[in-house]
Amino acid sequence: MSKDIKSVNYGLEKIFEGAQDFLPLLGTDYIELYVGNAKQAAHFYKTAFGFQSFAYRGLETGSKETVSYVLKQDKIRLVLTTPLNSKNPINNHIVKHGDGVKVIALWVDDARKAYEETTSRGAKSYMEPFVEKDEYGEVVRAGICTYGETVHMFVERKNYKGVFLPGFEEWNSDYNPEPLGLKFVDHMVGNVGWGEMNTWVKWYEDVMGFENFLSFDDKQIHTEYSALMSKVMSNGNGRIKFPINEPAEGKKKSQIEEYLDFYEGPGVQHIAVATDDIISTIEGMRARGVEFLTTPPDTYYEAVPKRLLAHDHKLREDIETLKTLGIMIDADEEGYLLQIFTRPVEDRPTLFFEIIQRMGARGFGAGNFKALFESIEREQARRGTL
Ligand code: FE2
């Protein structure tokens, strides 16, 4: 008999029962990318990923230094920011890293307290609590530095009724491609340098009160040629999950090392976004030109029924459809998950996206790591970076 599997939206509350959470996080507030051309990037994320025009700040709204486009799809907000002159310090970030994630903003009830709790535990300040106001109320934000040049911004918006943040206006566009069913940020992965994974695991434990709820060493995550290590950090209510990767020694260059070389330091490797209908989401994304990693070989799909049966789960989707779309399947005791990875979304082989549908499983696709990394290695070989 197959178990009754509920789709998506699980919580990890049980793991933390009884533990005191000094940093209650309500969810991911927004993800801000520093990019070379925000106008064109916004068009890409609207067209290819189905994001909707949401808010805007630029010359027309009185912002003389930077322009930002805010895109939204269900609970996901992406902010794309570009400097408007050569003196703006954001240029240094773009010169060094290329397009990439600068801010992982976390929604809190009290930004001042979040800042005090984390800085008193050793976080380096990025921005002291700062109040922005307009006719719709006020937002308090404060930021701390995490790995590389990446920042966690705490956002308190309980006294704000405006569209996004003070200074932003509603963005109404004549071009509105249909959304593609992306719902919320499932997890965001950071790549850190050689031997730095445990330093950042401890940082998330000590500074943010997170717990390490899954670990994979290089014996589990390797192919014939390359390896990496990963530990998954989660906050108290399980809404925020940050796996942290570091490269490991192999015969050839680890994909994490390739990332570190091209991003020129640690940073966000991928943003995993959840859908509750991965087949229609991926059909739509493929039709709109999103490039995905190559589909695993037939032998991968032949082994899937066995892997699901080992855990007593029944696949609800048609396996041939999943295979045609290149969607991967993994299972654990609690259920299964469906996932697929885009190619990097910029020319440097750095940031990419994962689309994930959870059918009860709480893992991250460990059973797919080998097939996935072999696929990445084929791309690395083409780039001459393996
Ligand atoms: Fe992932």
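Please read all numbers here as calculations on a predicted model, not as lab measurements. (Residues numbered from 1 in each chain as written. Predicted model: local features only at pLDDT ≥ 70, side-chain atom pairs only at ≥ 80, totals over all residues. Heavy atoms only, no water.)

Quick notes on the overall build of the protein chain
For step 1, the next point in the chain: Counting its secondary structure elements, the protein chain contains nine helices and 17 strands.
For step 2, the next point in the chain: The C-alpha radius of gyration of the protein chain comes to 20 Å, within 12% of the 21 Å expected for a compact globule of 386 residues.
For step 3, the next point in the chain: Its C-alpha atoms give the protein chain principal-axis dimensions of about 60 × 50 × 45 Å.
For step 4, the next point in the chain: Relative to its full complement of 386 residues, the protein chain shows a buried share of 56%.
For step 5, the next point in the chain: Contacts spanning at least 24 positions in sequence make up 69% of the contacts within the protein chain whose residues lie at least 6 apart.
For step 6, the next point in the chain: A gap of 0 Å separates the mean positions of the 46 positive and 59 negative side-chain charges of the protein chain. (Helix = DSSP H or I, 4+ residues; strand = E, 2+ residues; numbered from the N terminus. Rg over C-alpha atoms; globule rule 2.2 N^0.38 Å. Buried < 20%, exposed > 50% of the residue type's maximum accessible area, 1.4 Å probe, protein only. Contact = heavy atoms within 4.5 Å. Lys, Arg positive; Asp, Glu negative; His and termini not counted. Charge placed at Lys NZ, Arg CZ, Asp CG, Glu CD.)

A word on the layout of surface pockets
Think of a ball as big as a water molecule: rolled over the atoms, this probe shows where empty space is left.
For step 1, the next point in the chain: Within this model, the second largest pocket holds a volume of roughly 480 Å³.
For step 2, the next point in the chain: Considering the residues around the second largest pocket, the lining is formed by 24 residues, among which Glu32, Tyr34, Arg57, Ile90 and Tyr126 are closest to the centre.
For step 3, the next point in the chain: Contributing elements (two or more residues each) for the lining of the second largest pocket: β1 (27–34), β3 (66–73), β4 (76–83), α2 (90–97), β5 (100–108) and β6 (124–134).
For step 4, the next point in the chain: In terms of residue count, the dominant contributor to the lining of the second largest pocket is β6 (four residues).
For step 5, the next point in the chain: Here the lining of the second largest pocket is built from residues that sort into 13 nonpolar, five polar and six charged. (1 Å grid on protein atoms, 1.4 Å probe; cavity = no way out; pocket = protein on both sides within 12 Å on 5 of 7 lines; lining within 4 Å. Points joined across faces, edges and corners; volume = space filled by probe spheres on them. Nonpolar A, V, L, I, M, F, W, Y, C, P; charged D, E, K, R; others polar.)

A closer look at the environment of lysine 241
For step 1, the next point in the chain: Inspection of the secondary structure assignment puts lysine 241 in strand β13 (residues 241–248).
For step 2, the next point in the chain: For the pair lysine 241 and threonine 28, spaced 213 residues apart in sequence, the C-alpha separation works out to 10.0 Å.
For step 3, the next point in the chain: Looking at lysine 241, its side chain comes within polar contact range of the main-chain oxygen of glycine 238, at 2.8 Å. (Polar contact = N/O pair within 3.5 Å; in protein donor to acceptor, adjacent residues only side chain to side chain.)

Re the nonpolar core
For step 1, the next point in the chain: Ranked by size, the top nonpolar core spans 99 residues in total, and within it Phe154, Met208 and Ile329 carry the most contacts.
For step 2, the next point in the chain: Per-element accounting of this core gives the leading share, seven residues, to helix α4 (residues 197–208).
For step 3, the next point in the chain: Residue-level mapping places this core at the junction of two domains, with at least three residues from each of domain 1 (2–19 + 180–383) and domain 2 (27–170).
For step 4, the next point in the chain: Contact partners of methionine 208, with chain neighbours within four places excluded, come to Phe22, Leu23, Leu106, Thr118, Ile144, His152, Phe154 and Trp203.
For step 5, the next point in the chain: Counting residues in hydrophobic clusters, the runner-up holds 15 residues, among them Ala105, Val151, Met153 and Phe168. (Core = buried A, V, L, I, M, F, W, Y, C linked by side-chain atoms within 4.5 Å. Domains from an automatic or database assignment.)

Digging into the sheet that holds strand β15 (residues 328–332)
For step 1, the next point in the chain: Taken in spatial order, the eight strands of this open sheet run β11-β12-β13-β10-β14-β17-β16-β15, and their pairing is mixed. Strands with a single pairing partner mark the edges of an open sheet, and in this sheet they are β11 (211–216) and β15. Averaged over all pairs of adjacent strands, the angle between their axes in this sheet comes to 25°, without regard to strand direction.
For step 2, the next point in the chain: Pairing of strand β14 (residues 267–275) with strand β17 (residues 352–359), which is carried by five bridges, proceeds in the parallel orientation. (Pairing = 2+ DSSP bridges. Axes fitted to C-alpha atoms, helices over the stretch in contact; angles between N-to-C directions.)

Quick look at the domain arrangement of the protein chain
For step 1, the next point in the chain: Taken domain by domain, the protein chain comprises domain 1 (2–19 + 180–383) and domain 2 (27–170).
For step 2, the next point in the chain: In this complex, domain 1 contributes 37 residues to the contact, which on the side of domain 2 involves 41 residues.
For step 3, the next point in the chain: At the boundary of domain 1 with domain 2, total buried surface from both sides reaches about 3,100 Å², with 66% on carbon and sulfur atoms.
For step 4, the next point in the chain: When the buried area of domain 1 at its contact with domain 2 is split by residue, Leu182, Val207 and Tyr263 rank highest and sum to 18% of it.
For step 5, the next point in the chain: Counting across the domain 1 and domain 2 interface gives two salt bridges.
For step 6, the next point in the chain: Notably, a salt bridge pairs aspartate 74 with lysine 183, separated by 3.7 Å at the nearest N-O pair.
For step 7, the next point in the chain: Counting the contacts that link domain 1 with domain 2 gives twelve residue pairs in polar contact (both at pLDDT 80 or more).
For step 8, the next point in the chain: Of all the secondary-structure elements, those providing two or more residues to the side of domain 1 that touches domain 2 are β10 (182–191), α4, β13, α5 (255–263) and β14. (Buried area = accessible area lost by both parts, 1.4 Å probe. Salt bridge = Lys/Arg side-chain N within 4 Å of Asp/Glu carboxyl O.)

Brief notes about the coordination of the iron ion
For step 1, the next point in the chain: Coordination of the iron ion by the protein comes from His187 (NE2), His270 (NE2) and Glu354 (OE), over a distance range of 2.0 to 2.2 Å.
For step 2, the next point in the chain: The sequence pattern describing where the donors of the iron ion fall on their chain is H-x82-H-x83-E. Taken together, the residues span a long stretch of sequence, with histidine 187 in strand β10 and glutamate 354 in strand β17 at a distance of 167 residues. Comparing histidine 187 with glutamate 354, the two get one shared label, buried. (Donors = N, O, S within 2.8 Å, 3.2 Å for Na, K, Ca; no water.)

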